Amino acid sequence: MSPFNLETCARPNILALQPYRCARDDYKDDGSNVLLDANENAYGPSLDAADTSATLGGFDPLGLHRYPDPHQSELKQLLCKLRNTHAHTAKTITPDNLFVGVGSDEAIDALLRCFCVPGKDRILTCPPTYGMYAVSAQVNDVDLVKVPLTAAPEFSLDVPAINAALSNEPNIKLAYFCSPGNPTGSLLAKEDVQQILNHPTWNGVVILDEAYIDFAPEDSSLAELVAEYPNLVVMQTLSKAFGLAGIRLGAAFASPPIAYILNSMKAPYNIASPTSAFARAALGEKGLATMRGNRAKILTQRERLFQELPKFEGVGRRRGGTASNFLLYEILNAEGKPDNSTAVAVYEKLAEQKGVVVRFRGKEHDCTGCLRITVGTEDEVTKFLDSLRITLSEVRGFPK
């Protein structure tokens, strides 16, 4: 049993925070009220309705002069419906378990501000991992404790080392884990996460970043486990599998007390009306069917890359797993060794001469010579494979 205690883990000033009460907290716009409470422009938005509706894919812009729903209860209910699989617990999560924000990045930063005293407290990360944990920590004057992922076979949590750090390193308040990992593509083992959640002495919060979870095997998400563990937060986003990176919608599943604090800290109207409308449509029956259809196509192309890339002269080991919409592969020099300079040359040549942009990740921990390749459409994957074959030959000085 974890000794987690929110009252002693969170910052006292955050626990004492009285959330801002906005105009829509008392009376909502049901279409019949005369709303003279929020200093809005009653004549409507300065937009051409017909042109804007077409641009926004049918979204009605006429209500944009009103502030959006500060609570997003309908959106939160749809997210709960998606994640209440009961694959991991018989308990049910509700909108009280939800914070929604501007991408996952808002939750990453809010959690740091909630739990970490600047200049004193620290967070734990497991490189190679998503870079925004470190960026947000630096912005908030919070130091890092790094415990690298194990390299073999597919970048997993080093549970003994993590638990030792949580036992012996002072002032660690948060542990950020990415599952599936970025840039590793590896799904973290549920049992490993639970071992850390059950640490016998550490009073802190485990944050599981599941941005890519819908590309992993069925029932991989641990979001509903926040009903079992008061020291667990699971972050998700609509940017990846749902293809809605442009609306910037993220969610954090947490125990009701932590979710309440996060919602108290946020800006009053952090989710714009168009963002909410698009998100609700994506989480509806038709939207989910579209997402699953597109995901099936992506998984087919992921398998194609997985089969084809090892055949290429100059492509080395796959580093990491296959639970996401990208793969991480070594690029080899003429001596057959993973090499950053060769990988950078291939990366730049692909982008500048072939019009194919991948991501160089060779500076990440234990990723020497690695390129991260996002899985595209069938045509995009074909162009990538053709371009890579030629580029490898040119960079490494071998015949095509």
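Rules of the game
Residues numbered from 1 in each chain as written. Predicted model: local features only at pLDDT ≥ 70, side-chain atom pairs only at ≥ 80, totals over all residues. Heavy atoms only, no water. UniProt positions renumbered as here; feature names shortened; annotations may be inferred. Helix = DSSP H or I, 4+ residues; strand = E, 2+ residues; numbered from the N terminus. Rg over C-alpha atoms; globule rule 2.2 N^0.38 Å. Contact = heavy atoms within 4.5 Å. Areas by Shrake-Rupley, 256 points an atom, 1.4 Å probe, with all protein chains shown as cover. Lys, Arg positive; Asp, Glu negative; His and termini not counted. Charge placed at Lys NZ, Arg CZ, Asp CG, Glu CD. Buried < 20%, exposed > 50% of the residue type's maximum accessible area, 1.4 Å probe, protein only. Pairing = 2+ DSSP bridges. Axes fitted to C-alpha atoms, helices over the stretch in contact; angles between N-to-C directions.

- Taking an unreviewed UniProt entry as the reference, the protein chain is identified by name as histidinol-phosphate transaminase belonging to Metarhizium rileyi.
- Checking UniProt for the protein chain, the heading Cofactor (unreviewed entry) contains the comment "pyridoxal 5'-phosphate".
- Entered under Sequence similarities (unreviewed entry) in the UniProt record, the comment concerning the protein chain runs "Belongs to the class-II pyridoxal-phosphate-dependent aminotransferase family."

1. Observations concerning the overall build of the protein chain
- Per the secondary structure count, the protein chain includes 13 helices and 11 strands.
- For 400 residues, the compact-globule formula gives about 21 Å, and the C-alpha radius of gyration of the protein chain, at 23 Å, lands near that figure.
- Dimensions of the protein chain, computed from the C-alpha atoms along their principal axes, are close to 75 × 60 × 40 Å.
- Of the contacts formed within the protein chain by residues at least 6 apart in sequence, a portion of 70% connects residues at least 24 apart.
- Surface accessibility of the protein chain: about 18,500 Å² in total, with carbon and sulfur atoms responsible for 51%.
- Taking the 40 positively charged and 47 negatively charged side chains of the protein chain as two groups, their mean positions are separated by 3 Å.

2. Focus: the environment of leucine 305
- Here leucine 305 lies in helix H11 (residues 285-308).
- With relative accessibility at 1%, the residue leucine 305 sits in the buried group.
- Sequence separation between leucine 305 and phenylalanine 326 is 21 residues; the distance between their C-alpha atoms is 9.4 Å.
- Setting aside residues no more than four positions away along its own chain, leucine 305 makes contact with Pro310, Leu327, Tyr329, Ile373, Val375, Val381, Phe384 and Leu385.

3. Comments concerning the pairing of strand E2 (residues 122-125)
- Burial along E2 is two-sided: the residues Arg122 and Leu124 and Ile123 and Thr125 are all buried.
- Both E2 and strand E3 (residues 143-146) contribute to a ladder of four bridges, which runs parallel. Residue pairing for E3: threonine 125 is matched across the bridge by lysine 146.
- Direction of pairing for E2 relative to strand E4 (residues 172-178): parallel, over a ladder of four bridges. In the sheet register, arginine 122 faces E4, and the bridge partner there is isoleucine 172.

4. Brief notes about the sheet that holds E4
- In space, the seven strands of this open sheet follow the order E1-E7-E6-E5-E4-E2-E3, with mixed pairing throughout. For this open sheet the edge positions go to strand E1 (98-101) and E3, each flanked by a neighbour on one side alone. Strand after strand, the sheet turns through a mean of 25° between neighbouring axes, direction not considered.
- Here four bridges tie E1 to strand E7 (residues 250-253), and the two strands are oriented antiparallel to one another. The partner of leucine 98 across the bridge, within E7, is phenylalanine 253.
- Contacting E1, strand E5 (205-209) and strand E6 (232-237), helix H9 (residues 256-265) crosses the sheet at an angle of about 30° to E1.

5. Considering the environment of arginine 21
- The topology assignment puts arginine 21 in the loop between helix H2 (12-15) and helix H3 (49-55).
- Once the C-alpha coordinates of arginine 21 and glycine 246 are considered, the two residues, 225 residues apart in sequence, prove to be 29 Å apart.

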